[in-house]
Amino acid sequence: MFILPLLFAALPAQAALQIDIVGGAANQIPVSIVPFGGEAAMPQQISRIVNADLQRSGMFKMIDPAGIVPAPVEPTDVRFADWQARGADAMAIGKIIAQPNGKLEVHFRLLDVVRQMQLAGVSYVVSPSQLRATAHKIADVIYEKLTGDIGVFSTRIAYVMKLSGRYELQVADADGEGAQTVVASAEPIISPAWAPDGQRLAYVSFERKKPVIFVQNVDTGQRYVLANFKGSNSAPAWSPDGSKLAIALTRDGDTQIYTIGAQGGPATRLMSSSGIDTEPFWSPDGQWIYFTSDRGGSPQIYRLPAGGGAAQRLTFDGAYNVSPQVTPDGSQMVFVHREGGDHVAIMDLASRQVQVLSDTKEDESPSFAPNGKIILYATQLGGRGVLAAVSADGRVKQRLASKAGDVREPAWGPLPKAGGQ
Amino acid sequence: MKKALLGLLVVSALAGCASTGTKEAATVQDKSGQGAATTTGASQAVVNPLTDPNNILSKRSVYFDFDKSAVKDEYKPMVEAHAKYLNDHSDVKITIQGNTDERGSREYNLALGQRRADAVKKMMNVLGVKDGQIETVSFGEEKPKASGNDEAAWSQNRRADIVYPGE
């Protein structure tokens with residue numbers, strides 16, 4: 001197995017700009033993550049992982065806890081005046097206790113420094129190999145309590161790595177750690193799409209010398225052919241209930257959109273148009289199928305009621321608007337807009353207002369985090385494919401580059417199922 | 001150019017059963033205009049029209065304008081020659097592979113590459129070639145012939161290739 005971790009690395013110029021914008025907004029929440037009691041002896045330092053997660057989100061100003069000795073472990077250890085003096089509004093403390101059976105007890109509390117009260121307290125019993133995942137869960141709790149939004153630190157991302165003529169579909173934690181190769185091929189792989197269960201990926205592989213859609217369980221490795229009709233089979237998009245997919249086929253001529261059961265079988269044509277229809281995206285509320293079409297002469301974004309009806313055109317500004325994805329609440333659409341380069345743009349679907357979010361110019365494949373707050377996309381940096389992320393308000397920007405190779409075709413996975421793992 | 005040469009029936013027959021025979025013939029074929037058969041020792045060898053550099057059938061690529069799929073006039077004689085060949089050899093089946101440059105959506109480019117391949121196919125259909133003799137596929141932007149981030153490379157990659165069996 002060939003594993004290449006992604007590295008988060010903000011560009012210096014980018015970081016400077018980011019601080020200006022975010023600092024001007026002055027709405028970062030100051031929070032301090034105190035080293036957990038007992039974590040120094042562990043393979044993973046939970047407080048460091050939590051700190052990195054929160055910092056990367058751009059929503060927090062991380063307050064260094066160093067120098068306050070001894071570092072508090074229990075609420076009774078905390079002298080709130082120390083933390084108020086450092087400017088923290090909230091702080092996290094915790095401890096790890098090894099059980100005789102090899103399991104670890106992880107206790108964590110989130111404290112409101114200003115009101116001097118507990119905001120959250122959670123305990124986990126985990127194996128040592130689950131410490132990293134536990135840290136992401138703690139970061140999710142902190143994020144949710146302090147921002148009111150759902151945390152996405154426990155999610156996974158998929159992307160394609162191209163390295164020396166070899167293509168690998170990889171899955172990693174949302175922080176880029178723990179990358180694993182799902183499938184590798186000498187032929188291109190594109191368009192990974194997560195099933196709502198967060199365990200299966202549909203993707204397009206050229207391994208049979210033409211585009212064929214596969215579905216693969218990323219944990220077991222089992223896979224099957226979803227669609228291998230005459231011509232091209234591509235652009236898989238799952239229905240929100242996971243029972244079927246929208247796909248693009250050329251079996252009847254120009255590229256058109258069809259639906260197919262999640263296990264494969266016959267495909268049903270969704271509509272007929274005089275041009276290319278592709279890149280379907282099923283809105284998370286199940287109401288609409290968004291897609292790209294050049295029926296009007298140039299590629300633009302349309303949507304069709306999933307239950308049938310007439311397609312509506314959504315984009316009118318510019319001659320090239322493609323690759324739509326919609327937030328879980330259905331309020332916003334992200335897409336690629338060509339205007340002096342290809343940029344990630346976001347549309348408020350109620351007002352149809354468009355805002356260009358990225359300052360990169362060769363952007364592709366935008367994908368919303370499952371809380372709708374961050375957009376992951378592919379772009380170019382120094383002649384290499386890299387992943388980048390931008391917050392839905394455009395204020396926070398990140399880059400994810402690998403040490404070698406091109407990274408492209410990102411897809412942000414769903415939230416882990418409640419009660420799972 | 002594709003390195004493999006197709007169906008060199010005549011040449012490989014002349015080259016005998018030596019396993020390197022085909023390779024030698026292929027090397028000679030690459031030296032355009034030097035006479036394909038001389039090293040095989042036969043003076044009257046029939047040159048495969050599909051690979052004879054002097055034959056229009058050796059030309060296989062149709063190039064397209066940006067975001068366009070119309071076959072330009074300059075490629076029509078070449079497409080017509082292949083259509084005639086296919087009409088004369090109704091047992092031969094070809095693949096037309098559509099390609100695009102790297103700009104824009106991979107999925108839209110896949111569809112655009114398909115449309116380019118289909119445009120060449122439709123022209124051949126009009127000239128009498130049976131549907132069953134032509135399969136069209138698209139590689140979109142995934143298999144660029146020219147690497148590079150400029151029009152010189154992009155123009156090479158906006159292309160449909162006519163591919164005969166064994167190539």
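Residues numbered from 1 in each chain as written. Chains lettered and ligands numbered in written order. Predicted model: local features only at pLDDT ≥ 70, side-chain atom pairs only at ≥ 80, totals over all residues. Heavy atoms only, no water.

## Quick notes on the packing of aromatic side chains
Remark: the centre distance and the inter-plane angle together describe each pair of aromatic rings, the angle taken between the planes. Residues and elements named next belong to chain A. In plain terms, the rule: Between rings of Phe, Tyr and Trp, where Trp is taken as its six-membered ring, a pair exists when centres lie within 6.5 Å; planes separated by under 30 degrees are stacked, by over 60 edge-to-face, and by other angles tilted. Every helix listed is a DSSP run of H or I at least four residues long, and every strand listed is a run of E at least two residues long, numbered separately from the N terminus. Only protein chains enter the accessibility calculation, which uses a 1.4 Å probe. A residue is then buried if its area is under 20% of the maximum for its type, exposed if over 50%, and partly exposed in between. Charge over a ring is defined by NZ of Lys or CZ of Arg lying within 6 Å of the ring centre and within 35 degrees of the ring normal.
Taken as a whole, this structure holds 8 aromatic pairs over all chains when the rule is applied. Aromatic pair Tyr 143 and Phe 153: ring centres 5.7 Å apart, planes at 85 degrees, arrangement edge-to-face. Of this pair, Tyr 143 sits in helix α4 (residues 131-147) while Phe 153 sits in the loop between α4 and β7 (156-163), placing them 10 residues apart in sequence. Exposure remark for Phe 153: the relative accessible area of 8% places this residue in the buried category. Here a set of aromatic residues connected by ring pairs shows up, and it is made of Phe 60, Tyr 143 and Phe 153. The ring of Phe 214 carries Arg 223 above its face, with NZ or CZ at 3.9 Å from the centroid.

## Digging into the confidence of the model for chain B
Caution applies to low-pLDDT regions: their predicted coordinates should not be interpreted in detail. Put simply, the test is: Each residue carries a pLDDT score, the predictor's own confidence in it, on a scale running from 0 to 100. Contacts were defined at the residue level, with two residues in contact if any of their heavy atoms lie within 4.5 Å.
Chain-level pLDDT for chain B is 80 on average; 74% of the residues reach the 70-or-more range. Note that pLDDT drops below 50 for residues 1-42 of chain B; the model gives that stretch 36 contacts with residues more than four away or on any other chain.

## Structural notes on the sheet that holds strand β15 (residues 244-249) of chain A
Residues and elements named next belong to chain A. Applied cut-off: DSSP calls a pair of strands paired once it identifies at least 2 bridges connecting them. Orientation is described by lines fitted to C-alpha atoms, with helices fitted over the stretch in contact, and by angles between N-to-C directions that extend from 0 to 180 degrees.
A sheet is described by the order of its strands in space; here 4 strands give the open sequence β14-β15-β16-β17, paired in antiparallel fashion. In this open sheet, the two strands that pair with only one neighbour each are β14 (233-238) and β17 (264-269). Within the sheet, the average angular offset between the axes of one strand and its neighbour, ignoring direction, is 30 degrees. Examined bridge by bridge, strand β16 (residues 256-261) and β17 share 4 bridges and lie antiparallel to one another. Bridged to Gly 261 within β17 is Gly 264.

## Brief notes about the environment of Val79(B)
Residue and element names in this part refer to chain B. In this fold, Val 79 is placed in helix α3 (residues 76-88). In this structure the C-alpha to C-alpha distance between Val 79 and Arg 60, which are 19 residues apart in sequence, comes to 8.4 Å. In this structure Val 79 touches Val 62, Val 120, Met 123 and Met 124, once residues within four positions along its chain are discounted.

## Let's talk about the pattern of salt bridges
For clarity, the threshold we go by: For this document, the term salt bridge refers to a Lys or Arg side-chain nitrogen within 4 Å of an Asp or Glu carboxyl oxygen.
Inspection of every chain in the model, using the stated rule, returns 33 salt bridges over all chains. Ionic pairing is found between Arg251(A) and Asp252(A), a salt bridge with its closest N-O pair at 3.6 Å. Taking relative accessible area as the criterion, Arg251(A) reaches 27% and is therefore assigned partly exposed. Overall, Asp252(A) belongs to the partly exposed group, its relative accessible area being 48%. Linking Glu409(A) and Arg106(B) is a salt bridge whose minimum nitrogen-to-oxygen distance equals 3.4 Å. Of this pair, Glu409(A) sits in strand β30 (residues 406-412) while Arg106(B) sits in helix α4 (residues 106-126), each in a different chain.

## A short note on α4(A)
Because each turn of an α-helix spans 3.6 residues, side chains separated by three or four positions in sequence point in the same direction. Residues and elements named next belong to chain A. Under the convention used in this document: Here the expected length of a helix is defined as 1.5 Å per residue gap, with one fewer gap than residues.
For α4, built from 17 residues, the straight-helix expectation of 24 Å at 1.5 Å per residue is met to within 8% by its first-to-last C-alpha distance of 24 Å. Residues of α4 that are buried: Leu 131, Thr 134, Ala 135, His 136, Ile 138, Ala 139, Asp 140, Val 141, Ile 142, Tyr 143 and Leu 146. A positive backbone phi angle near 85 degrees is found at Gly 148, which sits one or two residues after α4.

## Notes on the packing of helix α2 (residues 46-57) of chain A against α4(A)
All names here are of chain A. Note the threshold: Roughly parallel means an angle under 35 degrees; roughly antiparallel means over 145; roughly perpendicular covers 65 to 115; every other angle is labelled oblique. Working rule for handedness: look at the near helix, and if it is turned counterclockwise from the far one by less than a right angle, call the crossing left-handed; if clockwise, right-handed.
Interhelical geometry of α2 versus α4 gives an angle of 45 degrees and a closest axis separation of 8 Å. Judged on the interaxial angle alone, α4 and α2 are oblique. In the crossing of α2 with α4, the sense of the turn from one axis to the other is right-handed. On α4, the residues touching Ile 46, Ile 49, Val 50, Asp 53, Leu 54 and Ser 57 of α2 are Leu 131, Arg 132, Ala 135, His 136, Ile 138, Ala 139, Ile 142 and Tyr 143.

## Comments concerning the interface of chain A and chain B
We count it as follows: Here's the idea: put two parts together, see how much 1.4 Å probe accessible area each one loses, and the total over both is what we call buried area. In the analysis that follows, any N or O atom pair within 3.5 Å is treated as a polar contact, provided that within protein one partner can donate a hydrogen and the other can accept it, and provided that, for residues neighboring in sequence, both atoms belong to side chains.
With 34 residues of chain A at the interface, the matching set in chain B holds 24 residues. Buried surface at the junction of chain A and chain B, both sides included, amounts to about 2200 Å², of which 51% is carbon and sulfur. In this structure, Arg115(B) engages Asp294(A) in a salt bridge whose closest nitrogen and oxygen atoms are separated by 2.8 Å. Where chain A packs against chain B, one counts 12 residue pairs in polar contact (both at pLDDT 80 or more).

## Regarding α3(B)
Residues and elements named next belong to chain B. Helix length check: α3 (13 residues) gives 18 Å between terminal C-alpha atoms against 18 Å at 1.5 Å per residue, within 8%. The complete set of buried residues in α3 reads Met 78, Val 79, Ala 81, His 82, Ala 83, Tyr 85 and Leu 86. Residues of α3 that are buried make contact with β1 (61-63), β2 (94-99), α4 and β4 (159-163).

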